[in-house]
Amino acid sequence: MITESSFLVDPLLPHLLDIVEQPGAANMMLTGGFGLNLKRHFLAENQVETVVPRSEWPSVRATQDLDFILKMSVFIDRQRADDVANLLKALGYQVDWGNLQFGKPLYDGIEEPRLVVDLISRMPTATEKVKSDGTRVGIGKGSPVHGRATVEAFAVDRIPIPVIAKGRNTAGREVQAEVLVPHPYAWLQMKVRAAHDWYEEREGRMAIMKKHRSPKHCFDVALIVAMMTLDELQGASLLVQEFHEHPEAVKIRTEAEVLFSLPTSPGWIEVRRQSGRELDHNAIWSTVTRSLGL
Amino acid sequence: MREDEIIGWLRKGEFAFAPAELRLVSPPADTDNRVGDGILELKWGERSLLFLIQVKTVATPRAMVEAGKQLKAASDPLGLQPMLIYPYLSEERLLKIEENGLNALDMCGNGTVRTSEVSIWRSGQPNQFKERAKPRNPYRGDSSVFARCLLLREQFESLTELREFAISKTPLNRREGESEGLALATASRAVDALEEFLVVVREQRKIRLIDKSTLLDGLKKDYRPPEGNRILGRTSLTPQEIWARLEAEGATGSFASVATGLSSAASYRALSGVTVLSLYVTDLVRAKDLIPLDEGRAFANIELIEERRPLVYFDARKTADGIWSSPIQCWLELANGGPRDQEASQILLSVLKSGNAVSPQ
């Protein structure tokens, strides 16, 4: 039988497998476009029931970068930081920026363009005693890896979702490894915020970045919700209670309402534009309200 | 509109460029200069400046630069500023003029004047005149094959060599031994237009690319996806079986197929997550006979798009796994796609800009 994931070869999967088969990868959680892509394939292969039936999912594409969230323990235990850095070094990645962006040539013999690994982190709590300058987490003590400080990733450690990545690594060897992706509650926080930043920039209320903020995050919000399972929906209820008063969660609930509450809301218009099909707004929005505690 | 008509307008003072006032002094009293069409006085408050003007009706970049050079050479010895005058100047043209350190006005109220004493910029007034004989668009349709050739090789000894290169890279034409769509006249018009846009220069018979960025911008801006009939569905064949059937049919000499740019993006390691194998085929009925499929959107894994013109087959790359679009076609489809596609297009754009060769895997 031809499965969805085996029909076409994916260029990023071998590089992911190179990383996640290493012990040091236990400190890393996959997020970003390829995280969504991997979860989609995993659910499709296992025919798991989701909010929107699988036949209706729009395809999710990913550019050539791998986004990993580092566990806070990486910044507490130096050995773990060394493990992550050594893992990347052994695979040929070099520091491209600030010990939190690593890269290597995408094509043999040409330095640019690069295959990029981005390291991200939630903000440390006061009791964790991890240093952050607001841009990077884990600074000081000469740590070989930092995480891009992400205030909206506050819930990312909670109830991560295991998925299986399998295929051939870059050496052509069959690999099967468990990869953690964020719980949809945590993922939605990050994606709603990113989508809202795009909207604010578009409306002229936020400084324009050299690299424009992307409307792709609106589509990702819809996809995260479309692929939610019943277990995840129940888990979201617990996280809603746990983080209900978190200042970022409060703001993000408002941002979600601005972007997606109506079929004519700016974020939903982007979802329609990018998905190339009519998604059920009522099904998606009602799940967003439940998942974020609106 | 003719040049003498414009001069007539200037004489009558039917020419506005607020807040400045304009008055023609003609002919120049103290020169036998034959380049200028007169001296124009520009008054702004207490300031008065004199310009040697040249009226022109063709505002292609090359014509503008040439006219500007001649006018500057004539105006400098007279201690006058040079100024070009056209029926209409778009903002893009005004920027080009400014880039070249020239002044220009049009008859619609647009213009740029930059001297040590005044600085005026006005744009956005609509075109009230139609341009004469616009050059052929070298970035669209079959003509764009020649522009694409210049991304693969930046210099050709002659127009004939360029055309032969284009044909050699386009399997449809090579196989049929004819050149439908890639005629020498088409090549000539495309190169003329590229020369007008200052993208290539002709040095005797040689054609040489001089502005790759503008060429890439033009191709991207004027790209139009094929609009032929298409079928989306699900097949139980493996990709290997699909390609084996298509390649066998291609060997008959009257059929061609290639993966679309989007479906080729993974083979160039630019994009992940494309789950539908989308193919351009020259004959949809034959392709459908070769690849049995259940039509419909749900769980679709194959799409067939009929395209008979040579453009999408240009520079197709064959590997053991299939036939993939040129990196140029791949870049154009991504650059005109959704947000993630556009991000991925940057990978191929950097490769095309650098001139490095990449091969599909």
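Keep in mind the model is a prediction, meaning the values are calculated, not measured. (Residues numbered from 1 in each chain as written. Chains lettered and ligands numbered in written order. Predicted model: local features only at pLDDT ≥ 70, side-chain atom pairs only at ≥ 80, totals over all residues. Heavy atoms only, no water.)

**Observations regarding the overall build of chain B**
And then number 1: A tally of helices and strands in chain B yields 13 helices and 17 strands.
And then number 2: Scaling as 2.2 N^0.38, a compact globule of 361 residues should have a C-alpha radius of gyration of about 21 Å, whereas chain B reaches 26 Å, well beyond that.
And then number 3: For chain B, the proportion of its 361 residues judged to be buried stands at 51%.
And then number 4: Accessible area for chain B stands at about 16500 Å²; split by element, carbon and sulfur atoms hold 46% of it.
And then number 5: When the 48 basic and 50 acidic side-chain charges of chain B are each reduced to a single mean position, those positions are 1 Å apart. (Helix = DSSP H or I, 4+ residues; strand = E, 2+ residues; numbered from the N terminus. Rg over C-alpha atoms; globule rule 2.2 N^0.38 Å. Buried < 20%, exposed > 50% of the residue type's maximum accessible area, 1.4 Å probe, protein only. Areas by Shrake-Rupley, 256 points an atom, 1.4 Å probe, with all protein chains shown as cover. Lys, Arg positive; Asp, Glu negative; His and termini not counted. Charge placed at Lys NZ, Arg CZ, Asp CG, Glu CD.)

**Here's the deal with the packing of helix α6 (residues 184-202) of chain A against helix α9 (residues 247-260) of chain A**
When two helices pack together, their arrangement is given by the angle between the helix axes and the distance between those axes.
Residue and element names in this part refer to chain A.
And then number 1: Following both chains from N to C, one finds α6 and α9 inclined at 60 degrees, their axes separated by 9 Å at the closest point. By the angle class used here, α6 and α9 are oblique. Both α6 and α9 take part in a crossing whose hand is left-handed. Judged by residue contacts, Y185, Q189, V192, R193, A195, H196 and Y199 of α6 engage E248, A249, K251, I252, E255, A256, V258 and L259 from α9.
And then number 2: Among the residues forming the contact of α6 with α9, the class breakdown is nine nonpolar, two polar and four charged. (Axes fitted to C-alpha atoms, helices over the stretch in contact; angles between N-to-C directions. Parallel < 35°, antiparallel > 145°, perpendicular 65-115°, else oblique. Left-handed = near helix turned anticlockwise from the far one by under 90°. Contact = heavy atoms within 4.5 Å. Nonpolar A, V, L, I, M, F, W, Y, C, P; charged D, E, K, R; others polar.)

**Description of the confidence of the model for chain B**
Residue and element names in this part refer to chain B.
And then number 1: Scored by pLDDT, chain B comes out at a mean of 87, with 93% of its residues at no less than 70.
And then number 2: Predicted confidence in chain B is weakest over helix α6 (residues 171-176), with a mean pLDDT of 58, and strongest over helix α12 (residues 327-335), with 97.
And then number 3: Model confidence for the complex: the whole-complex pTM is 0.77, and ipTM, which rates the interface, is 0.85. (pLDDT = per-residue confidence, 0-100.)

**Some thoughts on the sheet that holds strand β10 (residues 206-209) of chain B**
Whether parallel or antiparallel, the strands of a sheet pair through hydrogen bonds between backbone atoms.
Residue and element names in this part refer to chain B.
And then number 1: The strand order across the open sheet formed by three strands is β8-β10-β9, and the pairing between neighbours is antiparallel. With one partner strand each, in any of the chains shown, β8 (155-156) and β9 (200-203) form the two edges of the open sheet.
And then number 2: In the sheet, β8 pairs with β10 via two bridges, with the strands oriented antiparallel. Pairing of Q155 across the sheet is with R208, part of β10. (Pairing = 2+ DSSP bridges.)

**Observations regarding the confidence of the model for chain A**
And then number 1: Per-residue confidence for chain A gives a mean pLDDT of 92; residues scoring 70 or more make up 97%.
And then number 2: Here residues 1-5 of chain A is a poorly scored stretch, pLDDT under 50, and it has 13 contacts once near neighbours within four places are set aside; other chains count.

**Here's the deal with the interface of chain A and chain B**
And then number 1: Contacts between chain A and chain B engage 33 residues on the former and 35 residues on the latter.
And then number 2: Roughly 3000 Å² is buried in total at the junction of chain A and chain B, and carbon and sulfur atoms are behind 59% of that figure.
And then number 3: The interface formed by chain A and chain B holds four salt bridges in total.
And then number 4: The closest approach of N and O atoms between R297 of chain B and E56 of chain A, which form a salt bridge, is 2.7 Å.
And then number 5: The tally of links from chain A across to chain B stands at ten residue pairs in polar contact (both at pLDDT 80 or more).
And then number 6: At the level of secondary structure, the elements contributing two or more residues to the side of chain A that touches chain B comprise α1 (4-7), α3 (32-46), β4 (101-107), β5 (110-121) and α7 (216-226) of chain A.
And then number 7: The biggest single contributor to the side of chain A that touches chain B is α3 of chain A, with five residues. (Buried area = accessible area lost by both parts, 1.4 Å probe. Salt bridge = Lys/Arg side-chain N within 4 Å of Asp/Glu carboxyl O. Polar contact = N/O pair within 3.5 Å; in protein donor to acceptor, adjacent residues only side chain to side chain.)

**With respect to the pattern of salt bridges**
And then number 1: Evaluation of the coordinates by the stated rule reveals 47 salt bridges over all chains.
And then number 2: The salt bridge involving R61 of chain A is made with D341 of chain B; its shortest N-O contact spans 2.7 Å. In this pair, R61 of chain A sits in the loop between α3 and β2 (65-70) while D341 of chain B sits in helix α13 (residues 339-354), so the two residues belong to two different chains.
And then number 3: Assessed through its relative accessible area of 6%, D341 of chain B is described here as buried.
And then number 4: Across the pair E248 of chain A and R193 of chain A runs a salt bridge whose closest N-O atoms are separated by 2.9 Å. With E248 of chain A in helix α9 and R193 of chain A in helix α6, this residue pair connects regions lying 55 residues apart in the sequence.
And then number 5: Among the residues examined, E248 of chain A registers a relative accessible area of 12% and is labelled buried.
And then number 6: Connected through salt bridges with shared partners, the residues R62, D192, E195, E196 and R202 of chain B form a single ionic network.

**A word on unusual backbone geometry**
And then number 1: Cis geometry is found at the peptide bond from E112 of chain A to P113 of chain A, where omega equals -5 degrees.
And then number 2: Checked against the element boundaries, P113 of chain A lands in strand β5.
And then number 3: Residue N99 of chain A is not a glycine yet carries a positive backbone phi of 60 degrees.
And then number 4: You can see N99 of chain A is positioned in the loop between β3 (94-97) and β4.
And then number 5: On the basis of relative accessibility, which here comes to 22%, the residue N99 of chain A falls in the partly exposed class.
And then number 6: Positive phi outside glycine occurs at L198 of chain B, with the angle close to 60 degrees.
And then number 7: Mapped onto the fold, L198 of chain B is located in the loop between α7 (184-196) and β9.

**Concerning the sheet that holds strand β14 (residues 294-295) of chain B**
Residues and elements named next belong to chain B.
And then number 1: Taken together, five strands build an open sheet; the order of strands is β12-β13-β15-β11-β14 and the sheet is mixed. Edge positions in the sheet fall to β12 (257-259) and β14, since each has one partner strand and no second.
And then number 2: Looking at chain direction, strand β11 (residues 230-234) and strand β15 (residues 302-306) are connected through four bridges and run antiparallel. In the sheet register, R230 faces β15, and the bridge partner there is I305.

**Some words on the state of the cysteines**
Chemically, a disulfide is nothing more than a covalent bond linking the sulfur atoms of two cysteines.
Residues and elements named next belong to chain B.
And then number 1: If you walk through the whole model with that rule in mind, you get zero disulfides over all chains.
And then number 2: The structure places no disulfide on C149, whose sulfur is separated from the nearest cysteine sulfur, that of C330, by 18 Å.
And then number 3: By relative accessible area, C149 is classed as buried at 0%. (Disulfide = S-S within 2.5 Å.)

**Side note on the nonpolar core**
And then number 1: Membership of the largest hydrophobic core comes to 163 residues, with the highest contact counts inside it found for L16, I19 and Y185 of chain A together with L215 and L279 of chain B.
And then number 2: No other element matches α6 of chain A, which puts nine residues into this core.
And then number 3: The residues contacting L215 of chain B, other than those within four sequence positions of it, are Y139, A147, L150, L151, L194, V199 and L209 of chain B.
And then number 4: In this structure, F17, I53, V55 and V118 of chain B belong to the second largest nonpolar core, which totals 23 residues. (Core = buried A, V, L, I, M, F, W, Y, C linked by side-chain atoms within 4.5 Å.)

**Comments concerning the packing of α7 of chain A against helix α11 (residues 281-292) of chain A**
Residues and elements named next belong to chain A.
And then number 1: The interhelical angle for the contact between α7 and α11, taken along N-to-C directions, is 85 degrees, at an axis separation of 9 Å. Between α7 and α11, the crossing angle belongs to the class labelled roughly perpendicular. Mapping the contact onto sequence places A222, V225 and A226 in α7 and I284, T287 and V288 in α11.
And then number 2: Taken together, the residues of the contact of α7 with α11 break down into five nonpolar, one polar and no charged.

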